[in-house]
Amino acid sequence: MKSPIPDYLNKVLDRVRDDTSGANADYIEALAKADPDKMAVAVATVDGQVYSVGDDDVEFSMQSISKAFVYALAIEDRGLSGVLAKIGVEPSGDVFNKLSLEAGSNKPMNPMINAGAITAHSLVGPPDATAEVRVARILKGMSMLAGRELKVDEAVYEAEMKDWHRNMGLGFMLKAAGIIECDPAEAVKGYIRQCSINVTVRDLAIMAGTLGNGGVHPVTGKRVIPSLSVRQVLSVMTTCGMYDAAGDWVSRVGIPAKSGVAGGIIGALPGQIGLAVFSPRLDKKGNSVRGMSMCEHLSNDMGMHMM
Ligand code: DON
């Protein structure tokens, strides 16, 4: 029997199609030039069924969505206590690239804002690793999750490197505070390369599906992330994944999630599903406008709110 799910997903696209509010991220030229009308949605069930509709073959850069998976890799390489010694878990309530450290502890507030994400990047691989070594490890881990070989979008990377001053400011701040041990320029370059990894919504849904499935890959059935790491990643996605919109998101949608400025959002509901949406126009907080609406529809229609 033909699955009714693609028809349903197309209806979700139709319901948000007319909303052309918001704007592409403009601080990275390659993102500013992306077609703002593209849109797609994909879901991956924990038993490995993947459904996608719309522009589901369009590649876009992960941007901040990468932060969730790199946090898991940092935990794998340094242990949870090693990572918690460097990065907090408190929502910041601030914009994602705020130059800030937690009062008292002097650590980045959480791994989803840039200060914490640059630190998490620096904790992947050996302490003296170059950006190249770290990014190779990250690409390998993400490719395994996606089930195909992912690549850095060099045009996106070059475009963001032209405007790296704010992230470099964060890198110097983290180095001065004794949080990152390596050369801050290597950490920031590597972080920007990790953000530039290209994916489709299908890739992201499968990757999120692994989080939803407690770390067991939904398609291969292999354990690829320890369950304690998944618990940690989903916890910070819940409280910090949508930045200063996190409270509104949790109450309206109720799914642990992470957004990126190319217009992607992933969501992962433990024991049930991984989902991914894509639409480039963002609201003022850097989250995809139509993407957020799609997630709200999915949550309401399928009873996916965690509460
Ligand atoms: O650090 C940056 O500015 C970007 N490469 C990533 C930011 C991002 O995706 C924020 N999320 N909505």
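As annotated in an unreviewed UniProt entry, the chain is glutaminase from Emericellopsis atlantica. Per UniProt, the chain carries the Catalytic activity (unreviewed entry) text "L-glutamine + H2O = L-glutamate + NH4(+)". Quoted straight from UniProt, the Subunit (unreviewed entry) entry for the chain says "Homotetramer."

Undergrad: So what about unusual backbone geometry? Which residues, and what values?
TA: At Gln 63, a position not held by glycine, the phi torsion is positive, near 50 degrees. When you line up the elements, Gln 63 lands in the loop between strand E3 (60–61) and helix H3 (66–84). Residue classification places Gln 63 among the buried positions, given that 26 C-beta atoms sit within 10 Å.

Undergrad: Break down the sheet that holds strand E2 (residues 50–54) for me, citing the residues and quoting the values.
TA: Read across the open sheet, the 5 strands follow the order E2-E1-E7-E6-E5; overall the sheet is antiparallel. Strands at the two margins of the open sheet, each flanked by one partner only, are E2 and strand E5 (257–259). Direction aside, the axes of adjacent strands within the sheet are offset by 10 degrees on average. Here 5 bridges tie strand E1 (residues 40–45) to E2, and the two strands are oriented antiparallel to one another. Its bridge partner being in E2, Ala 40 is matched across the sheet by Gly 54. In this fold helix H12 (residues 289–302) packs onto E1, E5, strand E6 (264–269) and strand E7 (273–278), with an angle of close to 150 degrees to the strand it touches most, E7.

Undergrad: Outline the environment of Asp 26, supporting the account with residue identities and numerical values.
TA: Relative to the helices and strands, Asp 26 resides in the loop between helix H1 (5–16) and helix H2 (29–32). In sequence terms Asp 26 and Met 173 are 147 residues apart; their C-alpha atoms lie 25 Å from each other.

Undergrad: Explain H12 to me, using residue names and the numbers behind them.
TA: Relative to the 20 Å expected for 14 residues at 1.5 Å per residue, H12 spans 20 Å between its end C-alpha atoms, a close match to the ideal helical length. Listed in full, the buried residues belonging to H12 are Arg 290, Gly 291, Met 292, Met 294, Cys 295, His 297, Leu 298 and Ser 299. Turning to H12, the residues buried within the fold contact H1, E1, E5, E6 and E7. At the C-terminal side of H12, Gly 303 shows a positive phi close to 60 degrees.

Undergrad: Lay out the pairing of E1 with the relevant residues and their values.
TA: Within E1, 5 of the 6 residues are buried, which leaves it mostly tucked inside the rest of the structure. Linking two consecutive strands that pair antiparallel, namely E1 and E2, is a turn of 4 residues; a positive phi of about 90 degrees is found at Gly 48 within it. Both E1 and E7 contribute to a ladder of 6 bridges, which runs antiparallel. Its bridge partner lying in E7, Val 41 is registered against Val 277.

Undergrad: An account of the packing of helix H4 (residues 114–122) against helix H8 (residues 184–195) is needed here, citing residue identities and associated values.
TA: The geometry of H4 relative to H8 is characterised by a closest axis approach of 9 Å and an angle of 100 degrees between their N-to-C directions. In terms of orientation, H4 and H8 fall into the roughly perpendicular class. Each of Ala 117, Ile 118, His 121 and Ser 122 in H4 lies in contact with H8, whose residues at this interface are Ala 187, Val 188, Gly 190, Tyr 191 and Gln 194. In terms of residue class, the contact of H4 with H8 is built from 5 nonpolar, 4 polar and no charged.

Each value, and the rule that gives it
- Residues numbered from 1 in each chain as written.
- Predicted model: local features only at pLDDT ≥ 70, side-chain atom pairs only at ≥ 80, totals over all residues.
- UniProt positions renumbered as here; feature names shortened; annotations may be inferred.
- Helix = DSSP H or I, 4+ residues; strand = E, 2+ residues; numbered from the N terminus.
- Buried ≥ 20, exposed ≤ 12 C-beta atoms within 10 Å, placed from the backbone.
- Pairing = 2+ DSSP bridges.
- Axes fitted to C-alpha atoms, helices over the stretch in contact; angles between N-to-C directions.
- Contact = placed C-beta atoms within 7 Å.
- Expected span 1.5 Å × (residues − 1).
- Parallel < 35°, antiparallel > 145°, perpendicular 65-115°, else oblique.
- Nonpolar A, V, L, I, M, F, W, Y, C, P; charged D, E, K, R; others polar.

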